[in-house]
Every structure is written in structure tokens, then in C-alpha cells.
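Chain by chain, the residues run as shown.
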Amino acid sequence: MTQTPTFYVDKIPIYGDAILAPMMGFSDLPYRSLCRELGSSISYTEFARAEGLIHNMRRVSEKLEYVEEERPIAFQIYSHDIDYMVEAALKIQPLRPDFIDINMGCPTKAIANSGAGVGLMRKPIKVARLFKRLKKELDVPITAKIRMGWDDCQNYKLISRIVEENGASLIAIHGRTREGGRESKVNWDVIAEVKETVNIPVIGNGDVKTVADIAKMKEYTKCDGVMIGRAAIGNPWIFSGKDRDEVTFEEVQKMMSKHLDRNLKFYGEELGINLFRKHVVQYIAPIPTTRRYRRELLTRERKEEFLLLLEQIYENLVK
Ligand SMILES: Cc1cc2nc3c(=O)[nH]c(=O)nc-3n(C[C@H](O)[C@H](O)[C@H](O)COP(=O)(O)O)c2cc1C
């Protein structure tokens, strides 16, 4: 059966409309590859600082490691500086990403105030120059991830037009301003407005929590794809069209074991289990009886001990 692509990023066909959002500390190779297998249609790396890539910093370069099965893979980079961004993009292009994504959404003070992340959105002319140069010097498609802007500078339509006119092949938009904290209500109207403004594909993002929300956002905004961040942590099943409350304990157990294996393989034993803990918190959050085991789950040092504890929890649950 030949599948019809849901949309294209330049010439790259994208199959499926739900996409794991880039998330620092979460969307690493182990978790991305799991989500991709379950149906996330693009693998976005965590953001990598252009200067770190230029200087071969191991922890930064590691963010761009991927497996072939993840394709299409998008490398996300950030910086306040056009030259750094172009230099880093040229440097990582031979690693064969399917496209390179420019982060223009990060609200963190240190980043935004330095002019990177959402800080870039305050400088439309710089954005135009950046995309023009990237388009001219690179062979891979360039994409942008933006947000509404700042409370006093909600220029998402202008920025969308600028990146499109200067060669971007896709825009992902998060419907919040820089000041709109994660708890504030997301504005899906801005996603619809961006979709009306540009001809390149648009990915909507913000507060998608269930499988039904994916269809709802598409219907409301007419966006081409839907990016899921927080609701996908500890919940990769959302990409297979299954909500968390439909997932059995055995499935959770199996997934955690698989995820942990990939973490151990990628990071090594100590770091692998350490970095797994924040996923554990989310995997077990909906299981009320695990509260008393939480501490123990978060302090196990070895995979075998960890899996044994999961077994005990399960036996306790079914008893
Ligand atoms: C822990 C965390 C880390 C994030 N890191 C990144 C990042 O590296 N790059 C990026 O573009 N957005 C990052 N984001 C923003 C998400 O991609 C997304 O835009 C945001 O969480 C809104 O989507 P949601 O409501 O589905 O979570 C991060 C968000 C969270 C919660």
C-alpha cells in the first residue's frame, strides 16, 4: 500500500501529523527513537548551541547523534549571532540531517535576553539576513520554530513572512508569548493566522494533551502537523493514537524497560539511569499506587534492581 505524504518539507515527504517537540533534556536519541517508532513523524533534536558545535563540545555534539530509523531528522540550533549560526550549520550539514531548524522560541532569560531563541524575533531584519545566508550557503532545507513573540512585540505574522520569503521550508509555531508562562492559556488563533499568512507548511504547538486534541488543533487552525511537548513525556503512546489512560501497566513496564535499555546504551550505565529518572516520574505519574514506590524508583542504581521493583509494583497492583 502506498501512503500519501501528509505534507512536504521542501522535497521531503512527511508521513503523519503528530510530532515530538524538541525538548532539552527529554528529546534525546533514546526517547526520540521510541516516539518515532510509535508514529512521531519527524525527529527534532534538543536545541544545540551553535558556539558549542563550532568548538566541538562533546555534550553539545552528542545532541545531534541519531539513528537512521529516525529520519526525517531535524537538527535544531540556536545562537544570537548570524555568523556562528551559519558556521555551525555548515559544520553539521555533513552529518546528513534532513533539515536544520532555527530556534526562535526559547524564552529562557539568559538565552532570550542575549538575542537568541525568542530574542531573535525582536530583530526582524537580522532574521531576514540569517535565513537568506543559510539558504544561500546550505544544501539542506532550513526551518524555523517560533512563538507568538513578546507581550510587547507579537510579530509572529511578520516573522513568518520573513522566514518564508528568505527560503524557510516550514514553520512550527507555539501559541504563547515569551512572557506567557507554561501555565498560561495557549492561543491557537495565532497558529491559524500563520497558516493563512504563509504557503509553506505550518506545525502548530501548544497544550495538545490527548489524541483528540491533535485532530482538534488541525481542524481549528488548518495546520499541517501538530507538535506535542509536555504531554508526550512518559507518554510516547500518544503518537500511536492511544491516550495514556488506555495504556496497560504491562505496556508501561515494557516501554520503561526498552527506554532504559536505550538510555544505558547511549549514555552508559551511570548517566543512563540518572537521566532516565525524570522520565520515570512521568511514566508513573498516572499510577496512583506507585506513589509509595516513587522514592525507591528514583533511587535505584542498576537496571536489574529497577526492573525488579517494577515487577513488585505490578504484583501489588493486581493483588
Ligand atoms: C523541558 C522542556 C524543554 C524544552 N526544550 C526546547 C528546545 O530545546 N527547543 C525548542 O524549540 N523548544 C523547547 N521546548 C518547548 C517545546 O518544544 C514546546 O514548544 C512547548 O513545550 C509547548 O508545547 P507543549 O504545550 O506541547 O508542551 C521545551 C519545553 C520543555 C517543557
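As shown above, the structure is provided for reference.
Just so it is clear, the model here is predicted, and its values are computed rather than measured. (Residues numbered from 1 in each chain as written. Predicted model: local features only at pLDDT ≥ 70, side-chain atom pairs only at ≥ 80, totals over all residues.)

**Student:** Pulling in residues and values, what's your account of the environment of Phe26?
**Tutor:** Relative to the assigned elements, Phe26 resides in the loop between β3 (18-20) and α1 (29-38). As a C-alpha pair, Phe26 and Thr45 span 19 residues in sequence and 9.4 Å in three-dimensional space. Beyond its immediate chain neighbours, meaning those up to four positions away, Phe26 contacts Tyr31 and Ile233. (Helix = DSSP H or I, 4+ residues; strand = E, 2+ residues; numbered from the N terminus. Contact = placed C-beta atoms within 7 Å.)

**Student:** Talk me through helix α8 (residues 188-197); I want residue IDs and the actual numbers.
**Tutor:** The set of residues buried in α8 consists of Trp188, Val190, Ile191, Val194 and Lys195. All buried residues of α8 lie within an arc of 155° about the axis, which places them on one face of the element. Summarising the geometry of α8, the exposed residues directed more than 90 degrees from the buried face are Asp189 and Glu196. Of the surrounding elements, those touching the buried residues of α8 are β8 (142-149), α7 (156-165), β9 (171-177), β10 (202-205) and α9 (211-221). (Buried ≥ 20, exposed ≤ 12 C-beta atoms within 10 Å, placed from the backbone. Arc of directions from axis to C-beta.)

**Student:** Describe the site of the ligand, naming the residues involved and giving the relevant values.
**Tutor:** As a matter of local geometry, the ligand sits amid 22 residues, with Ala21, Met24, Phe47, Gly229 and Arg230 nearest to it. Residues of the shell around the ligand, tallied by class, amount to ten nonpolar, eight polar and four charged. (Near = placed C-beta within 6 Å. Nonpolar A, V, L, I, M, F, W, Y, C, P; charged D, E, K, R; others polar.)

**Student:** Outline the environment of Leu34, listing residues and values.
**Tutor:** Following the sequence through the fold, Leu34 ends up in helix α1. A residue is classified by how many C-beta atoms lie within 10 Å of it, and Leu34, with 17 of them, is partly exposed. Each C-alpha atom, one on Leu34 and one on Tyr44, is 13 Å from the other, the two residues being ten residues apart in sequence. In this structure Leu34 touches Pro236, Lys258, His259 and Arg262, once residues within four positions along its chain are discounted.

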